[in-house]
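# Chains, contacts and geometry: an overview
Residues per chain, in single letters:
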Amino acid sequence: MAADSGSGSGSGPEPRVRIGSFRDSAVSFGGSNNTNTVHHGGTDAAAPGAAQLLEAVLNLRAALVRVPRGEDRTALDAELDGIAEQLEGAETIRPGLPARLRAALERWAPLVESVSAAAALGSLLGMLGG
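Within each chain, residues carry numbers counting from 1 in the order of the written sequence. Reporting in this predicted model follows two pLDDT cut-offs: at least 70 for local features of residues, and 80 or more for side-chain atom pairs to be given and counted; totals over whole chains, interfaces and linings ignore these cut-offs and use all residues. Values reported for side chains reflect all heavy atoms of the structure, with hydrogen atoms and water molecules removed beforehand.

## Here we look at the overall build of the protein chain
Under the scheme used here, helices are H or I runs from DSSP no shorter than 4 residues and strands are E runs no shorter than 2 residues, and both carry numbers assigned from the N terminus. For the protein chain, the helix and strand inventory stands at 5 helices and 4 strands. When the helices and strands of the protein chain are read in sequence order from the N terminus, they spell out β-β-β-β-α-α-α-α-α. Scored against the burial criterion, the 130 residues of the protein chain give a buried share of 31%. For the protein chain, long-range pairs separated by at least 24 residues make up 54% of all intrachain contacts whose partners lie at least 6 apart in sequence. Summed over all atoms, the accessible surface of the protein chain reaches about 8,200 Å², with 49% contributed by carbon and sulfur. When accessible area is computed with a 1.4 Å probe and restricted to protein chains, residues below 20% of their type maximum are described as buried, those above 50% as exposed, and intermediate ones as partly exposed. Contacts were defined at the residue level, with two residues in contact if any of their heavy atoms lie within 4.5 Å. In this description, accessible areas are obtained by the Shrake-Rupley approach with a 1.4 Å probe, and a residue is regarded as covered only by the protein chains that are shown.

## Regarding helix α2 (residues 71-87)
In a helix, the anticipated span is given by 1.5 Å times the number of residues less one. Given a rise of 1.5 Å per residue, 17 residues ought to cover 24 Å, and the 25 Å separating the end C-alpha atoms of α2 matches this to within 8%. Of all the positions in α2, only Arg-73, Leu-76, Asp-77, Glu-79, Leu-80, Gly-82, Ile-83, Ala-84 and Leu-87 are classed as buried. Contact partners of the buried residues in α2: α1 (50-63), α3 (97-107) and α4 (109-112).

## Side note on the side chain of Arg-73
For Arg-73, the position within the fold is in helix α2. Residue classification places Arg-73 among the buried positions, given a relative accessible area of 6%. Side-chain polar atoms of Arg-73 contact the backbone oxygen of Val-67, separated by 2.7 Å. Dropping the residues within four chain positions of it, Arg-73 is found in contact with Leu-64, Val-65, Val-67, Pro-68 and Leu-111. Two N or O atoms count as a polar contact when they lie within 3.5 Å, although within protein this holds only if one can serve as hydrogen donor and the other as acceptor, and sequence-adjacent residues are included solely when both atoms are side-chain atoms.

## Some details on the packing of α1 against helix α5 (residues 116-127)
Fitted lines through C-alpha atoms give the axes, limited to the stretch in contact for helices. The angle between two N-to-C directions lies from 0 to 180 degrees. Between α1 and α5, the shortest axis-to-axis distance is 8 Å and the interhelical angle comes to 160 degrees. If you check the angle between α1 and α5, you find them roughly antiparallel. For the crossing formed where α1 meets α5, the hand is left-handed. Of the residues in α5, those in contact with Gln-52, Leu-53, Ala-56, Val-57, Asn-59, Leu-60 and Ala-63 of α1 are Ala-117, Ala-118, Leu-121, Leu-124 and Leu-125. Under the scheme applied here, ten amino acids are nonpolar (Ala, Val, Leu, Ile, Met, Phe, Trp, Tyr, Cys and Pro), four are charged (Asp, Glu, Lys and Arg), and all others, including Gly, are polar. Class assignment of the residues belonging to the contact of α1 with α5 gives a composition of 10 nonpolar, 2 polar and no charged. Oblique is the label for every angle not falling under 35 degrees (roughly parallel), over 145 degrees (roughly antiparallel), or within 65 to 115 degrees (roughly perpendicular). By definition, any crossing whose near helix is turned counterclockwise from its far helix by less than a right angle is left-handed, and any crossing with a clockwise turn is right-handed.

## Thoughts on the packing of α3 against α5
Direction vectors running N to C along α3 and α5 enclose 145 degrees, while the axes themselves pass 10 Å from each other. As α3 runs across α5, the sense of the crossing is left-handed. Contact with α3, carried on its side by Pro-98, Leu-101, Arg-102 and Leu-105, involves Leu-121, Gly-122 and Leu-125 of α5 and no other residues of that element. The class makeup of the residues in the contact of α3 with α5 is 5 nonpolar, 1 polar and 1 charged.

Here is the structure:
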């Protein structure tokens, strides 16, 4: 990934960002309340299973230890714990669970936007559709 300046109109050069290729990667761009997660894995990438989604939820839960404790963090912890319980030992992902998890990530975006485990989880949710 590299940044260079282009020749735009106006008072000075327009900044340009050039990004090479990504394969099976999750990348997050943006700042507060503006996060775009991109997954590039091709159309033949298999949707994640319950075990893979559980692992990503547990990784995010572990990464949140570094986030200061507060009312929002406690609520997110409880939501992630509930989702992890539903995924534990499951062979398939229950309908509605990815939407519930996606909504939790959106609701608490300011808490998780700097946590790389959230980008990885968002990537898996993207592979599940929606």
